[in-house]
Structure formats: C-alpha cells, structure tokens
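Here is what each chain is made of, one letter per residue.
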Amino acid sequence: LYYEDWNRQKKPKSLPEEQKLIFGLLFSLKHTVCAMRPGGDGKMTVDGLQSYATSTYRLHYFETATGLRFILITNPNVPSLRECLRQVYSGIYVEYVTKNPLQSLGTPITSTYFAQSLTKYIRGLPYFLST
Amino acid sequence: WSLLVYLGEVNSKHTRTSRMPAGCLTLFIINKAGGLIYTRHFSQEHAPLPVNECLRLASTFHSMHAIAGNLTPVGPPTGIETLEADTFRLECYQTPTGIKFLMLAEPRVTALDTVLKQIYSLYSDYVLKNAFYELDMPIQCDLFNQKLDVLVNGK
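Residues numbered from 1 in each chain as written. Chains lettered and ligands numbered in written order. Predicted model: local features only at pLDDT ≥ 70, side-chain atom pairs only at ≥ 80, totals over all residues. Heavy atoms only, no water.

### Focus on the pairing of strand β3 (residues 80-85) of chain B
Inference 1: With respect to burial, β3(B) is a largely interior element, five of its six residues being buried.
Inference 2: As paired elements, strand β1 (residues 49-54) of chain A and β3(B) share five bridges and run antiparallel to each other. Bridging across to β3(B), A:Ala53 finds its partner in B:Thr82.
Inference 3: Across three bridges, the pairing between β3(B) and strand β4 (residues 89-94) of chain B is antiparallel. When the bridges of β4(B) are listed, B:Thr82 appears paired with B:Glu91.
Inference 4: Turn length for the β3(B)-β4(B) hairpin, with the two strands adjacent in sequence and antiparallel, is three residues. (Buried < 20%, exposed > 50% of the residue type's maximum accessible area, 1.4 Å probe, protein only. Helix = DSSP H or I, 4+ residues; strand = E, 2+ residues; numbered from the N terminus. Pairing = 2+ DSSP bridges.)

Take a look at the structure:
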C-alpha cells in the first residue's frame, strides 16, 4: 500500500518484483516461525516474527490484528524497532489513513499528510543518521 | 582401527570445551543443497518437533536464507544471520563451504554466534575427519554427539 526509502544505496532491478519477493519471503518466514516455536502447537499468531538480520541489513516486522503489515529495513546494528512501527501504526496510520474519509481500505495510500508525518517521524529517530 | 582411535584422542586434547549458555533449544545442520543432515534437541521441557517437520523447516529456511540475502539494499548478498520472534531466537552461521548451523534458543541467550563457531570446529574435528563419513550425508558420529553434550552440560 505504501513504499518509501531514505538513504538507500543500491537500487533494485524492479520495485514491484522486490515487493512481491518481500511479501512471499515474509509469508513463508512467518509460517515457519510459528511452526518452530517451542511449546507452541503450530498455531498462527500475530506476534510470531519480530525481526531478522543479515550482515548487511535488518528487517523489522509488525503485524496488526487486522492484517496490516509494517516493514522497516535498517542497518544491522539498530536494535528492534518494533515499538516504533507500533507508533507508526497508532500515531500516523490511524490518524491519517483510517480517519480519512477519502481513503478506502486496501487501496494505495496517497495522502500527503501521511507521507510528511511519516518522513518527519523516521528522520526524528535517533538511528536515522548513524551509518 | 587403531589409527582412528588415536585421532580421537589427539583431537580431544585440543578442543576448547566451554559451556553452552543455558536456554539453547535445538541445533540443526543443513548441507549446501538445503537438506537436513543433523538434528539435536537440548531442552527437556519442550517436546521435540517431529522429524518430518524438522526436514520441512530446514529446507524452507534454506530457501528463505537465500532470498533474504538477495533482498539486501546495500552490498553483496549474505543470508539471514539472526531472527527474533516472541518466544525464541534463531541464529544461523553459514560456513564458507555452504553448510549452515542453525540454533534455536530462548530470547535471553546471548553470544550464540561464538557457540555456533565452536560447534563448527567440533564438526570439522569429529565429522569431517571421520574416514567413514560421506559429505552431505546425515551425521551419525558418536564422538560428535558426545562432544556436543559436553559443550551443553559442561561436564
């Protein structure tokens, strides 16, 4: 529904391809995590996957009970930003998207207020400028 | 036969034995084709996963490791190294030969990557130097199991 990048160095060959890849990867990763959970019985849960890291990047994942997924990709040394994603959901998404009568659910987000406040919030995070 | 026994004795003097942090749950070893060649459950409280589940998880993880590596926005692709979930964390160490050592542990455990490197050195000592072991086949070496137990229990 929404994509934005700041400070990205290597452009992907094609953005829709990459988005599909991310979606597929996260879907299977989430299922695998739920199956692997010790003591769990393999049931799906919203809180299963929280973040993963490779040596070059870290991906933070937050899913709401309504099925909305927030994904943030950062440097590998940033600690878990799940709370920030929760803030993005409750403070920015709910404010500018859910309460927007012109925005119908499931369509790409075009609100400029949303984009502006999101950029302001992300740039205000202490981890933003550290490389 | 006597030559093999001698090798076992020499290696046990040189291996560093240090305690695995409490809370390690499971170890998987995956070969470079994505097949599971070793499983070991360390935790007593949690029931171990059935064998088919383990096989399926290992091959799924192998593909996801590769895809996640290709998604990197910067630099050369490397695969998943750590994964955090709510009830466990997972660390993966990929050797230059393509073998992956996967460890599931409780969230409070730290320094899993040094443990994984120690397991890798145990692997190279007791599995690869075993003349009867074929590469990429399931691991069934008693000495390797024993040394892993020593690492876990600190005895």
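### Brief notes about the sheet that holds strand β3 (residues 69-74) of chain A
Inference 1: Strand order in the open sheet formed by eight strands is β3(A)-β2(A)-β1(A)-β3(B)-β4(B)-β5(B)-β1(B)-β2(B), with antiparallel pairing between adjacent strands. The open sheet terminates on both sides in strands that have one partner only, identified here as β3 of chain A together with β2 (36-41) of chain B. Mean inter-strand twist for the sheet, computed between neighbouring axes without regard to direction, equals 15 degrees.
Inference 2: Relative to the sheet, helix α2 (residues 82-98) of chain A contacts β1, β2 (58-63) and β3 of chain A, its axis offset from that of β2(A) by approximately 50 degrees.
Inference 3: Across the sheet, helix α2 (residues 51-70) of chain B is in contact with β1 of chain A together with β1 (24-30), β2, β3, β4 and β5 (100-105) of chain B; its angle to β2(B) comes to roughly 115 degrees. (Axes fitted to C-alpha atoms, helices over the stretch in contact; angles between N-to-C directions. Contact = heavy atoms within 4.5 Å.)

### Focus on the pattern of salt bridges
Inference 1: Scanning the model with the defined rule gives eight salt bridges over all chains in all.
Inference 2: B:Glu84 is paired through a salt bridge with A:Arg58; the nearest N and O atoms lie 2.9 Å apart. With B:Glu84 in strand β3 and A:Arg58 in strand β2, this residue pair bridges two chains. Across this residue pair, the class does not change: B:Glu84 and A:Arg58 are buried. (Salt bridge = Lys/Arg side-chain N within 4 Å of Asp/Glu carboxyl O.)

### So, the packing of aromatic side chains
Both the distance between ring centres and the angle between the ring planes are used here to describe each pair of aromatic rings.
Inference 1: By the definition in use, this model includes 12 aromatic pairs over all chains.
Inference 2: An aromatic cluster of at least three residues, connected via ring pairs, comprises A:Phe62, A:Phe70, A:Tyr89 and A:Tyr93. (Phe/Tyr/Trp six-rings, centres within 6.5 Å; stacked < 30°, edge-to-face > 60°.)

### Here's the deal with the confidence of the model for chain B
Inference 1: Averaged over every residue, the pLDDT of chain B is 76; the share at 70 or more is 80%.
Inference 2: Of the regions scoring below 50 in pLDDT, residues 4-18 of chain B engages in 16 contacts with residues more than four places distant in sequence or in other chains. (pLDDT = per-residue confidence, 0-100.)

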